[in-house]
Amino acid sequence: MNRFLISTIILLCAGWLGLSGQNKPPLPVEQAVWTEVQPGVWRARVGQPEAYDLLKAAGAAPKEDALEKMPSTSFPLPMDGIKATRTDGKTYLRFPLEEKEQIYGFGLNFKTVHRRGSILRLHVDHYGEEDNGRTHAPTPFYVSSNGYGVFINAARYLDVYAGTAVRKDSKHPPVATDRNTDPAWSAQPYSDAVEIRVPAEGVEIYVFGGPTPLDAVRRFNLFNGGGCLPPRWGLGFTQRVHRLYTAEEVKEEADEFASRGFPLDYIGLEPGWQSKSYPGTFEWDKTRFPDPEDFVMDMMERGVRLNLWINPYVAADASFARDIEPYTASHTVWVGMVPDFTLPAARDPFFNQLEKDQVAIGVSGYKIDEVDGFDQWLWPDVATFPSGLSGEQMRQTYGLLTQRYTTEMFEARNQRTYGLVRASNGGGVRFPYVIYNDNYNHREFITALINSSFAGVLWTPEARASKTGEEWLRRMQTVVFSPMAMINAWASGTKPWSFPEVAGQVKEMALLRMRMMPYWYSEFAKYHFEGTPPFRAMNLEPGFDVGPEQVTDTLGLEENPYAEAITREVKDQYMAGEYLLVAPMFEGETSRKVILPEGKWFDFYTGDYVGEGEVISVTPGLDRIPVFVKDGGIIPLMPPRLHAPAKGEKVDLEIRHYGGKPGSYRLYDDDGVSYNYQRGDYSFREIRFEKDANGEWKGSLSAPEPGKPNSVGKVTFRSMSDRKSP
Ligand code: GAL
């Protein structure tokens, strides 16, 4: 297929009515061009798109070699169903929806997964306990159950009517019924369109082909550069210590982890590492950290790296304050100057300070806080920036900019980083950052983990504190099956062992996280090289087509005159890597339902068969988070240990096979710390499990590639479901 096949559609412009109601001449019919810019990725430009957009802010570039390898596909939507109207200085977009189609995405939402029927204003913000578009990563990307994706490349607040509004010219309009007599009358008439208002004279839009919804997500991620590949240590355990800890206390904490046998790869220092914070000086506090260089080295000798909290707002007494001042915004945040990171003159003094004071002495990464912020904690939309960008454009992209330039600082040293950030947006998939927030609802944390897979971001369900040992254990079990295994004890000072009644189980889970590192690492490599999110929604899984369940509202007409079916959906179980289904238990629960997609499924811990394409009920006890493995699934494990393997170290593997089907797995390997993989210094080795002539399972691992990093020591193969398969 011709990669750059150019197709055209006519974008119909509706008649143009002026604000005053006077008739204005209609805009001429506009002919936009859909260009296949990468295999299965089409772009159209409507009107005059703005010079600054999400992909430019992120500096995103497609991973062309990976996109080339995807199956060829044709334009996945009826082209004549995509329409644009320009009026009133804005662009209105319209995309068709079929009757049974489900849509997902539009950012990191916390309460719901299905988006059809939502009205949203996509706006970077701290999540305010409503799925209304204001969130940490309001990525303007949606995925359809019909197997395509749509992305609006605008650094603007976008109004989205996702299957809610009905037009007179609808091809499949709802039938008007009479409430007085018709029991089927609906308060939410059927809509066959997604409509989006872009507050700009033009916009760039993208369509991503499938054929499956997962393929559309993969193309979106690859188009933005492919997912991040953390260093191996990034997938180990991390503890964020109390905000006012001293160097000595941090060292003692690391020593206590070691003496108690809890794994620990990096410690996060909260605002107290800085001589002043909110606003920050970006230099060490010499009372708590008298010799930072020595301290960082001491910690490295313990096998523990350091991550530093910052928010990017500069105090007047920061050493570089005078240099950066002309390149900061009209308004302050936490009384700190807001650097205009689109300008090198603002970036240079800021990142030079981080580089020379922290990164050069061995600091491994940052937690970039407050780049979202409820309105009173960020600049207002009337703020101006020296580059000429508006407060709105900056707000939509500040998380992207801070991730981009910290990442580039580490890239320049050929040293991988893995950190935390509180805001991102479309285009940010390649940045090695995980989103977190201040809310603390365990169930919502899982829904966010699910939705992160539609938004090109990672999310951590961090554990902070708990009322009971049970809650602590349940939260820690979730943490272990997430992109960043973290305790954030900045305020509480909680330790993994703080609840003695479950300390043993917490430790076992933390060590399981470490044992699974070869699996997690390989799955992140697939995020990078193939675009597949390592933690993802069930809706991206083939054979899982559970739509939202409509349940009749129990409220009477007095309480809710628009009583309508309430939607219940699957938002409490997810896929972790190629083969695992994770169904977290929440505090207070002793059993739960798990929906198994088609095919046979097996218990992760025992290898027992549990069911096939059905809803099962599980009663796992307090020690276990329910985890299930696909038939033929292969999970490589390493021995339990306290730190990630170092560069060049060889590690033994126990390779497990589940179920009755032969299986295969691609095991990823590289040096674990540098960016040399981007120059080809990596390998995927093939693991296979097949039955031999005597009906016995035989595992094999392909030979290491000559000249490539090889961290595999002794290998043992274990068939988990032998004789147990039905
Ligand atoms: C919050 C952040 C917390 C913690 C705290 C320190 O904004 O979400 O995780 O870092 O700041 O002041």
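Bear in mind that the values here come from a model prediction, so they are computed numbers and not experimental data. (Residues numbered from 1 in each chain as written. Predicted model: local features only at pLDDT ≥ 70, side-chain atom pairs only at ≥ 80, totals over all residues. Heavy atoms only, no water.)

Regarding the environment of Glu 293
Link 1 in the chain: By the secondary structure assignment, Glu 293 is in helix H5 (residues 292–301).
Link 2 in the chain: Counting along the chain gives 68 residues from Glu 293 to Ile 361, while the straight-line C-alpha distance between them is 5.6 Å. (Helix = DSSP H or I, 4+ residues; strand = E, 2+ residues; numbered from the N terminus.)

As for helix H3 (residues 213–223)
Link 1 in the chain: The buried fraction of H3 amounts to eleven of the eleven residues, a majority that puts the element mostly inside the structure.
Link 2 in the chain: Along H3, the residues that are buried comprise Pro 213, Leu 214, Asp 215, Ala 216, Val 217, Arg 218, Arg 219, Phe 220, Asn 221, Leu 222 and Phe 223. (Buried < 20%, exposed > 50% of the residue type's maximum accessible area, 1.4 Å probe, protein only.)

Remarks on the site of the ligand
Link 1 in the chain: Residues in close proximity to the ligand include Glu 270, Pro 271, Tyr 278, Trp 309, Lys 367, Asp 369, Glu 370, Arg 422, Tyr 436, Asp 438, Asn 488 and Trp 490, which together make up its full environment.
Link 2 in the chain: Taking Asn 488, its side chain carries an N or O atom lying 3.0 Å from an oxygen atom of the ligand.
Link 3 in the chain: Within the complex, the protein chains bury 93% of what would otherwise be the 310 Å² of accessible surface of the ligand.
Link 4 in the chain: Split into classes, the residues belonging to the shell around the ligand amount to five nonpolar, one polar and six charged. (Near = heavy atom within 4 Å. Polar contact = N/O pair within 3.5 Å; in protein donor to acceptor, adjacent residues only side chain to side chain. Areas by Shrake-Rupley, 256 points an atom, 1.4 Å probe, with all protein chains shown as cover. Nonpolar A, V, L, I, M, F, W, Y, C, P; charged D, E, K, R; others polar.)

Remarks on the packing of helix H11 (residues 503–515) against helix H12 (residues 517–530)
Link 1 in the chain: Where H11 meets H12, the axes come as close as 5 Å, and the angle between the chain directions of the two elements is 50°. Relative to H12, the element H11 lies oblique. Counted together, Arg 513, Met 514 and Arg 515 of H11 and Met 517, Pro 518 and Trp 520 of H12 form the full contact between these two elements.
Link 2 in the chain: Partitioned by chemical class, the residues of the contact of H11 with H12 number four nonpolar, no polar and two charged. (Axes fitted to C-alpha atoms, helices over the stretch in contact; angles between N-to-C directions. Parallel < 35°, antiparallel > 145°, perpendicular 65-115°, else oblique. Contact = heavy atoms within 4.5 Å.)

Overview of the sheet that holds strand S36 (residues 683–691)
Link 1 in the chain: Across the sheet, which stays open at both edges, the three strands sit in the order S35-S36-S37 with antiparallel pairing between neighbours. Whereas interior strands pair on both sides, the edge strands pair on one side only; in this sheet they are strand S35 (663–669) and strand S37 (697–701). Sheet twist, expressed as the mean angle between neighbouring strand axes with direction ignored, is 20°.
Link 2 in the chain: For S35 and S36, the ladder comprises seven bridges, and the chain directions are antiparallel. Each residue of the ladder has a partner; that of Gly 663, found in S36, is Phe 689.
Link 3 in the chain: Against the sheet, H12 engages S35 and S36, with an angle of about 85° to S35. (Pairing = 2+ DSSP bridges.)

Points about the side chain of Thr 532
Link 1 in the chain: Tracing the sequence through the fold places Thr 532 in the loop between H12 and strand S23 (535–537).
Link 2 in the chain: When its relative accessible area of 16% is taken as the criterion, Thr 532 is described as buried.
Link 3 in the chain: Excluding residues within four positions of it along the chain, Thr 532 makes contact with Leu 214, Arg 218, Glu 523, Lys 526 and Tyr 527.

Quick word on the nonpolar core
Link 1 in the chain: Of all hydrophobic cores here, the largest spans 173 residues; its most connected members are Leu 269 and Phe 481.
Link 2 in the chain: Among the elements that take part in this core, H12 stands out by supplying eight residues, more than any other.
Link 3 in the chain: If sequence neighbours within four positions are ignored, Phe 481 has contacts with Leu 449, Met 509, Leu 512, Met 516, Trp 520, Phe 535, Tyr 574, Leu 580, Val 582, Ile 625 and Val 627.
Link 4 in the chain: Among the nonpolar cores identified, the runner-up in size contains 31 residues, and Ala 44, Val 46, Leu 93 and Tyr 148 belong to it. (Core = buried A, V, L, I, M, F, W, Y, C linked by side-chain atoms within 4.5 Å.)

Nothing here speaks to function; it is all geometry.
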